[in-house]
Amino acid sequence: MLSDRLLPRPFPEKIIHEGSYVRLEPLSERHIDDLWNAAENAESSWEYLRYGPFDDIESLRTVIQELAGRSHQPFWAVVDRGSNRAKGWLSICDVYPHESAAEIGSIWFSPSMQRSHVSTEAVFILMEYVFDHLGYTRLVWRCFEENIPSRRAAERYGFTFEGVWRSGAVAKGRTRDIRWHSMLITEWPARKNAIRSWLKTDNFDQSGKALRRLADI
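On a predicted model such as this, the values are computed, not experimentally measured, just so you know.

Chemist: Which residues make up the sheet that holds strand β4 (residues 85–96), and what values go with them?
Modeler: Across the sheet, which stays open at both edges, the 8 strands sit in the order β1-β2-β3-β4-β5-β6-β8-β7 with mixed pairing between neighbours. Edge positions in the sheet fall to β1 (17–18) and β7 (160–171), since each has one partner strand and no second. Relative to strand β8 (residues 174–184), β7 is paired through 8 bridges, and the arrangement is antiparallel. Bridged to V164 within β8 is R179.

What follows is the structure, given as structure tokens:
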């Protein structure tokens with residue numbers, strides 16, 4: 001009921017989420033070795049984050065410890081079930097229980113994860129968690145204006161472009177414009193069905209390539 005949606009929503013918990021291709025585990029120091037290996041020769045993958053790339057594993061450890069310790073922003077390591085290794089991370093951030101709004105952000109996926117069924121399911125799991133389990137009514141996707149891959153990802157998942165905050169952030173010594181996208185609970189069922197259809201095993205060939213684009217579905 002609409003009145004129920006206006007009640008404060010539960011805050012996201014740091015719990016394990018099981019998917020078909022990935023397992024989301026609360027980020028911790030035990031993922032550091034896997035993540036360090038996943039980050040090897042992936043300097044460009046950090047371009048639009050406030051941290052990285054890392055010169056050594058101890059630098060990465062310091063950041064992981066800080067991220068994993070945040071009580072206001074739960075982080076998960078993305079564990080590829082095929083290899084049982086962590087290959088990236090993501091979080092639920094800017095959580096407003098009284099406004100029933102949250103954001104999926106601070107995403108880092110290793111190059112082997114990007115534009116794959118593994119990365120798609122990782123994000124989809126948190127979308128389901130926010131909308132279906134916690135009952136939030138608004139989900140946000142935010143990125144720097146020049147981050148074309150993230151902009152395309154937002155469109156691919158079905159987020160709606162809302163606008164740009166000019167000079168909205170400073171990161172790595174540069175002033176950045178912030179691009180905002182959102183999805184509402186009323187839009188979620190159609191988006192959920194499309195992503196679920198795309199993630200079905202019969203949509204992928206033996207090499208893991210999708211037979212149909214999510215945009216086509």
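Moving on from the model shown.
Chemist: Would you mind going over the environment of K192 in detail, with residue names and values included?
Modeler: With respect to the helices and strands, K192 occurs in helix α6 (residues 188–199). According to the relative accessible area criterion, K192 is buried, its value standing at 16%. Each C-alpha atom of the pair K192 and Y157 lies 9.0 Å from the other, and the pair is 35 residues apart in sequence. What K192 contacts, discounting residues up to four positions off in sequence, is F124, E128 and D132. One polar contact links K192 to D132, side chain to side chain, over a distance of 3.1 Å.

Chemist: Which residues make up the packing of helix α4 (residues 117–133) against α6, and what are the values?
Modeler: Two elements in contact, α4 and α6, have axes separated by 11 Å at closest approach and are oriented at 150°. When the axis of α4 is compared with that of α6, the two are roughly antiparallel. Regarding α4 and α6, the two cross each other, and that crossing is left-handed. Touching H117, T120, E121, F124, M127, E128, F131 and D132 of α4 are W188, K192, I195, R196, W198 and L199, all from α6. Along the lines of polarity and charge, the residues of the contact of α4 with α6 split into 7 nonpolar, 2 polar and 5 charged.

Chemist: Explain the pairing of β4 residue by residue, including any values.
Modeler: By the bridge criterion, 6 bridges tie strand β3 (residues 75–80) to β4 in an arrangement that is antiparallel. The residue of β4 that forms the bridge with W76 is L90. Between the end of β3 and the start of β4, which pair antiparallel, lie 4 residues, with N84 showing a positive phi angle near 60°. When β4 meets strand β5 (residues 101–109), the two strands line up antiparallel, connected through 6 bridges. When the bridges of β5 are listed, G88 appears paired with F109. Linking two consecutive strands that pair antiparallel, namely β4 and β5, is a turn of 4 residues; a positive phi of about 60° is found at S100 within it.

Chemist: Describe the pattern of salt bridges, naming the residues involved and giving the relevant values.
Modeler: Using the criterion set out here, one finds 18 salt bridges in the structure. Across the pair R61 and E29 runs a salt bridge whose closest N-O atoms are separated by 3.5 Å. Taken together, the residues R61 in helix α3 (residues 57–68) and E29 in the loop between β2 (22–26) and α2 (32–38) connect sequence positions 32 residues apart. Residue classification places E29 among the partly exposed residues on the basis of a relative accessible area of 43%. Linked by salt bridges that have partners in common, R23, E25 and R30 make up one network.

Reading the values: rules and limits
- Residues numbered from 1 in each chain as written.
- Predicted model: local features only at pLDDT ≥ 70, side-chain atom pairs only at ≥ 80, totals over all residues.
- Heavy atoms only, no water.
- Pairing = 2+ DSSP bridges.
- Helix = DSSP H or I, 4+ residues; strand = E, 2+ residues; numbered from the N terminus.
- Buried < 20%, exposed > 50% of the residue type's maximum accessible area, 1.4 Å probe, protein only.
- Contact = heavy atoms within 4.5 Å.
- Polar contact = N/O pair within 3.5 Å; in protein donor to acceptor, adjacent residues only side chain to side chain.
- Axes fitted to C-alpha atoms, helices over the stretch in contact; angles between N-to-C directions.
- Parallel < 35°, antiparallel > 145°, perpendicular 65-115°, else oblique.
- Left-handed = near helix turned anticlockwise from the far one by under 90°.
- Nonpolar A, V, L, I, M, F, W, Y, C, P; charged D, E, K, R; others polar.
- Salt bridge = Lys/Arg side-chain N within 4 Å of Asp/Glu carboxyl O.

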